[in-house]
Amino acid sequence: MIIVGCDFHPSWQQIAWLDSETGETGEAKLVHAAGEAKWFYEQLGAPVLIGMEATGNSQWFIELVEDLGHEIWVGDAAQIRASYVRKQKTDKRDAAHILKLLVEGRFPKLWTPDREQRDLRQLVLHRHKLVEIRTRVKNELQHLSMNKGMQRKRKLWSQAGLQSLRELPLKAWTSCRRADLLGLLTMLDEQIGKLDTAVEQAAQEHPQARLLMTQPGVGPNTALAFVLTIGDVSRFPRGKQVASYLGLIPREETSGGRQKLGAITKQGNRLLRSLLVEVAHNVVRCDPGFRRQYLHHCHQKAKGVATLAVARKLAVRLYWMLRTQTAYPEVVRIESSSRVPLIGAS
């Protein structure tokens, strides 16, 4: 079997390979634009194990080697770097180090979604990015109206508020800016509406997303994003690990018997973390249990900290809903009872 350690870059890659049967080794630099990478992996007839660090703009390469029948592992870049003690860092050394981890069975392999899941992730991500752009456009219109003495806050987006905004007497270039922003807002509303329909349809077709939507306050967008990001829930033994995976736990510096906690780590999927924090406000309004916890935290901490606490507990509850295949409100009884096992036959 041929094992390849790959140090991937957008325009080229440095590889180190080993034939485990003959003991033959080698290294090479493959330029992507010249087609060298495709030619190299095509001429390897036997199944090949390839290891690489998690990095961006590499989906085409992963799909290429999968189509050729090879197996590719994506590893945790931080753990790979932490296991390398030398101070000299070069591309050749990185490729050789990845190969060494593969051969010794110490490669920190990450879970990776399949192609269908990756495509659905693009749907959720695309909608999220357009919503962010729409928010920026709305903020600009709010500033424009307040600079002219009209403060409507949320009422600015009603029909009467928009009509008042259009009727504001403005100078030529300010009027041009208003017209352009209103045009962008209309276009974005139309595009986001189509994406909302697509997300809702995809969530209804996904049994796990439908299960999560039984939780009050959780809509199709958050449910679908959670399922696609967490993937196989059995890889998380406990709910605390899910919170850590999403970066919803505090930084910690404990030494000499003194514990020091800071802000959340924010290590993990930023999209899902922001969605959980956003939907936490809806959950507080719809779920009495979360509302009590939120009000309790508000007596001691700032509202932002209380919202993060709700988001963290929500992530853990959604995890257990998937792990035990239990819908709301039955999952609340399981959480509150020490006599009910959280994990069934699995």
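Relevant structure appears above.
Since we're looking at a predicted model, the values are computed, not measured.

> Describe the packing of aromatic side chains, with residues and values.
According to the stated counting rule, one finds nine aromatic pairs in the structure shown. With a centroid separation of 5.1 Å and 65° between ring planes, the pair formed by Phe236 and Tyr245 is classed as edge-to-face. When its relative accessible area of 31% is taken as the criterion, Tyr245 is described as partly exposed. Each ring, one from Phe236 and one from Tyr319, has its centre 6.5 Å from the other, and the planes form 85°; the classification is edge-to-face. In this pair, Phe236 is assigned in the loop between helix H9 (220-230) and helix H10 (239-245) and Tyr319 in helix H13 (residues 303-324), connecting sequence segments 83 residues apart. On the basis of relative accessible area, Phe236 is assigned to the buried category, the value being 6%. Three or more aromatic residues joined by ring pairs form one cluster here, namely Phe8, Phe40, Tyr41, Trp60 and Phe61. One cation-aromatic arrangement involves Lys29 over Trp12; the distance from NZ or CZ to the ring centre is 4.4 Å.

> A description of the pairing of strand E4 (residues 48-53) should follow, citing residues and the corresponding values.
The element E4 is extensively covered by neighbouring structure, given that five of its six residues are classed as buried. Bridge analysis of strand E1 (residues 2-8) against E4 gives five bridges, and the strand direction is parallel. From the neighbouring strand, Ile3 faces E4, where its bridge partner is Leu49. Pairing analysis gives five bridges linking E4 to strand E5 (residues 71-75), with the strands arranged parallel. Each residue of the ladder has a partner; that of Met52, found in E5, is Val74. Each parallel crossover has a hand, and for E4 linked through helix H2 (residues 59-67) to E5 it is right-handed.

Rules behind the numbers
Each chain has its residues counted from 1, running along the sequence as written. Residue-level local features of this predicted model are given only where pLDDT is at least 70; pairs of side-chain atoms are given and counted only at 80 or more, and the full residue set underlies all totals for whole chains, interfaces and linings. Calculated side-chain values reflect all of the structure's heavy atoms, with hydrogen atoms and water omitted. Stacked, edge-to-face and tilted are the three classes for Phe, Tyr and Trp ring pairs, Trp counted by its six-membered ring, which pair at centre distances within 6.5 Å; planes under 30 degrees apart are stacked, over 60 edge-to-face, the rest tilted. Here the term buried applies to any residue with accessible area under 20% of the maximum for its type, exposed to any over 50%, and partly exposed to those in between, with areas from a 1.4 Å probe on protein chains only. Note on conventions: DSSP H or I runs of at least 4 residues are helices, E runs of at least 2 residues are strands, and numbering of each starts at the N terminus. As a reminder, the over-ring test applies to NZ of lysine and CZ of arginine, requiring each to be within 6 Å of the ring centre and within 35 degrees of the ring normal. When DSSP locates at least two bridges between a pair of strands, those strands are taken to pair. When the strands point away from the viewer, a crossover counts as right-handed if the path from the first strand over the helix to the second runs clockwise.

Scope: geometric values only; no functional claims are made or implied.
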